[in-house]
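A closer look at the structure
Here are the chains, one letter per residue:
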Amino acid sequence: MSARTLARSLAPPIVLDLFRRWSGRSLRFSGNPSSWDQAIRMSSGYSDPSILERVLMATRAVASGQARYERDGMLFDKPTFPFPVLAALLRAAARDANHLDVIDFGGSLGSTYRQCLPFLNGLSPIRWSVIEQASFVEAGRNEFTTDELKFFASLDDLPQRGSESVVLLSSVLQYLDDPLGRLRELAKMSAGHLVIDRTPLNESAVDRLCIQHVPKHIYAASYPCWILSRPKLLDQLSRNWRLVAEYPCPEGSAHTEDGLPFASLRRYVHGQQFNPSLLGALVNPFFLARRELWCAIAAASSDMRGRLLDVGCGTKPYRELFSTDTYVGLDIDSQSSRSRNTADAYYDGGRFPFEDGAFNAVLCNQVFEHVFNPQEFLSEIRRVLAVGGRLLLTVPFVWDEHEQPYDYARYSSFGLKALLTQHGFRIVRHQKLLADVSVIFQLLNAYLFKTMRTRSPFFNMIVTALILGPVSLLGLVLGTLLPKNEDLYLDQLVIAERL
Ligand SMILES: C[S@@+](CC[C@H](N)C(=O)[O-])C[C@H]1O[C@@H](n2cnc3c(N)ncnc32)[C@H](O)[C@@H]1O
């Protein structure tokens, strides 16, 4: 074992990471550009001719056998195989009588093709079409085109054959100005498999734009780069694809300059937002409210069948609880809902953009308090529901003002039931959530959360773990031990049938 390998295996990851940063060997993400145009102005860009020059030299070295493979212009002497990609290619070929027809979007001068080749023996025919920038296409056509490998400047240039088996997006989606738009376009192709490889993701509900700095030892360059929202990406993919597998990037993870060494902690905190485990009390200030809501919606979800409309869907956090035929998200047309980009349809707060009786089920979770025209809103829900369809509605009874100024009402159980009955619904079930002493602990935490919150996420996390967490857990215990009080509760849940 060399001294270098020994040092690498003994050093704690954080030391290795600091070393890579200090030596300029790590991939860095920085900045917070407000638009793609601004990000382009802040970086050297992908079309820098020196990049093609370097990739071209490296590809020549691989093609002539001087190196085993090339990646982003870097040469490697030892073979490394992208096994997750290979598994997908072989899966596709196994289902397609051993044919393999790959659309390799952003496939450079064929680096992944050459890297995979030793495992593709025996497949026939192989067609590998790289879609690239015009300068790459020209270089590819001049020097590297074979019977199997071809280069095209756009999807429109591909010969129409309808036999594509795999769309491969390896380290490319993040460099497109409209990655989700491009995914929608690619979904129209006939390929049965889509592979998204080496793409940075974040766990929040929003895509983050930043500048990626290539490590200095590769070449001095920087590009605009998206760190896409994983929940949003999965949501978009679920419209056209079934998820077969997710795998971590084989090259490891990188982090942004604003501190993603805590990435796994952040991911955990995010995962505990709507369906918190017991330990989640230490990271989620709304543990009591969210846990109760999740359990109640889970129990009620089996009543919802057929075509479901989620009105005011937000990030659709409860989607996994419903196994309905379709799940359509509607949200009010606002800057924040558009930036989340998780709804399937938007409207102006008046008429829903759907036909009468288009749905068998409507979910409306924690939205009704934000509706200024509840009468019209309930009439619209009734209109789009088929006769006998079900409405699952939750709404707070006591909670602090939120999403100001769009917070208009609180409903008692009598007010809510009367409104629903007036609008042609029959109440099937009415439930008061957190109708015990724990509601007071949840309200105390809502108070502490607002008054103790600082600009430092780290400090907020410590406060949540050391103060709010114990308050939640005490509330949980006392809530089960002390008598219930049906007159004071946090939320109400109603299942109502459209008459
Ligand atoms: C507290 S969030 C709840 C989001 C989601 N239903 C959930 O359970 O996480 C409130 C949502 O209501 C939406 N909203 C506000 N006014 C609305 C209206 N008049 N019609 C439909 N949605 C509305 C907001 O855009 C936001 O997505």
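What you are looking at is a predicted structure, and each value in this text was computed from that prediction instead of being measured.

**Some details on the overall build of the chain**
Across its full length, the chain holds 16 helices and 19 strands. Counting over 499 residues, the chain shows a buried share of 36%. Partitioning the intrachain contacts of the chain with sequence separation of at least 6 by distance along the chain shows that 70% fall at a separation of at least 24.

**What about the pairing of strand 14 (residues 326-332)?**
A regular strand places its side chains on the two faces of the sheet in alternate fashion. Here 5 bridges tie strand 13 (residues 307-311) to strand 14, and the two strands are oriented parallel to one another. From the neighbouring strand, Val311 faces strand 14, where its bridge partner is Leu330. Regarding the hand of the β-α-β motif, the stretch spanning strand 14, helix 12 (residues 335-340) and strand 15 (residues 345-347) is right-handed.

**A short note on unusual backbone geometry**
In this chain, Ser124 is followed by Pro125 through a cis amide linkage whose omega measures -5 degrees. Here Pro125 lies in the loop between helix 6 (111-116) and strand 5 (126-131). The amide bond that connects Gln404 to the next residue, Pro405, takes the cis arrangement and shows omega of 0 degrees. Inspection of the secondary structure assignment puts Pro405 in the loop between strand 17 (385-396) and helix 14 (413-422). Despite not being glycine, Ser108 has its phi angle at roughly 55 degrees, a positive value.

**Focus: the nonpolar core**
Core analysis: the largest hydrophobic core is formed by 51 residues, its most contacted members being Leu308, Val362, Cys364, Ile381, Leu391 and Leu434. The leading source of residues in this core is helix 11 (residues 287-300), at 6 residues. Core analysis: the next-biggest nonpolar cluster, separate from the first, contains 50 residues, Ala92, Ala191, Trp226 and Leu233 among them.

**Focus: the packing of helix 15 (residues 438-452) against helix 16 (residues 457-481)**
At their nearest, the axes of helix 15 and helix 16 sit 8 Å apart, and the two run at 170 degrees to each other. Looking at the two axes, helix 15 sits roughly antiparallel to helix 16. As helix 15 runs across helix 16, the sense of the crossing is right-handed. Every residue of helix 16 that contacts helix 15 at Ser438, Phe441, Gln442, Leu444, Asn445, Leu448, Phe449 and Met452 is listed here: Val463, Ile467, Leu468, Val471, Ser472, Leu474, Gly475, Leu476, Leu478 and Gly479. Across the contact of helix 15 with helix 16, the residue classes break down as 12 nonpolar, 6 polar and no charged.

**Quick look at the environment of Asp487**
Within the element layout of this structure, Asp487 appears in the loop between helix 16 and strand 19 (491-498). Residue class for Asp487 comes out exposed when judged on the 10 C-beta atoms lying within 10 Å of it. Taking C-alpha positions, Asp487 is 9.5 Å from Ser413, a pair spaced 74 residues apart along the chain.

**As for the environment of Asp436**
Looking at the secondary structure, you find Asp436 in the loop between strand 18 (425-433) and helix 15. When residues no more than four places from it in sequence are discounted, the contact partners of Asp436 are Gly479, Leu482, Lys484 and Asn485.

**Thoughts on the sheet that holds strand 4 (residues 100-105)**
Judged by pairing direction, the sheet is parallel, and its 5 strands sit side by side in the order 6-5-4-7-8 without closing on themselves. With one partner strand each, in any of the chains shown, strand 6 (149-152) and strand 8 (193-197) form the two edges of the open sheet. With direction set aside, neighbouring strand axes in the sheet form an average angle of 20 degrees. As judged from the 4 bridges shared by strand 4 and strand 7 (residues 166-170), these two strands associate in the parallel manner. Bridge pairing in strand 7 links Phe105 to Leu169. In the packing of helix 5 (residues 83-95) onto the sheet, contacts are made with strand 4, strand 7 and strand 8, and the angle to strand 8 comes to roughly 175 degrees.

**Some thoughts on the sheet that holds strand 19**
Across the sheet, which stays open at both edges, the 7 strands sit in the order 15-14-13-16-17-19-18 with mixed pairing between neighbours. Taken across any chain shown, the strands that pair with only one partner, and hence form the sheet edges, are strand 15 and strand 18. For this sheet, the mean inter-axis angle between neighbouring strands, taken without regard to orientation, is 20 degrees. Strands in contact with helix 13 (residues 374-384) are strand 13, strand 16 (359-365), strand 17, strand 18 and strand 19; relative to strand 17, the strand with the most contacts, it is inclined by about 140 degrees.

Reading guide: rules and limits
- Residues numbered from 1 in each chain as written.
- Predicted model: local features only at pLDDT ≥ 70, side-chain atom pairs only at ≥ 80, totals over all residues.
- Helix = DSSP H or I, 4+ residues; strand = E, 2+ residues; numbered from the N terminus.
- Buried ≥ 20, exposed ≤ 12 C-beta atoms within 10 Å, placed from the backbone.
- Contact = placed C-beta atoms within 7 Å.
- Pairing = 2+ DSSP bridges.
- Right-handed = clockwise from strand over helix to strand, strands pointing away.
- Core = buried A, V, L, I, M, F, W, Y, C linked by C-beta atoms within 7 Å.
- Axes fitted to C-alpha atoms, helices over the stretch in contact; angles between N-to-C directions.
- Parallel < 35°, antiparallel > 145°, perpendicular 65-115°, else oblique.
- Left-handed = near helix turned anticlockwise from the far one by under 90°.
- Nonpolar A, V, L, I, M, F, W, Y, C, P; charged D, E, K, R; others polar.

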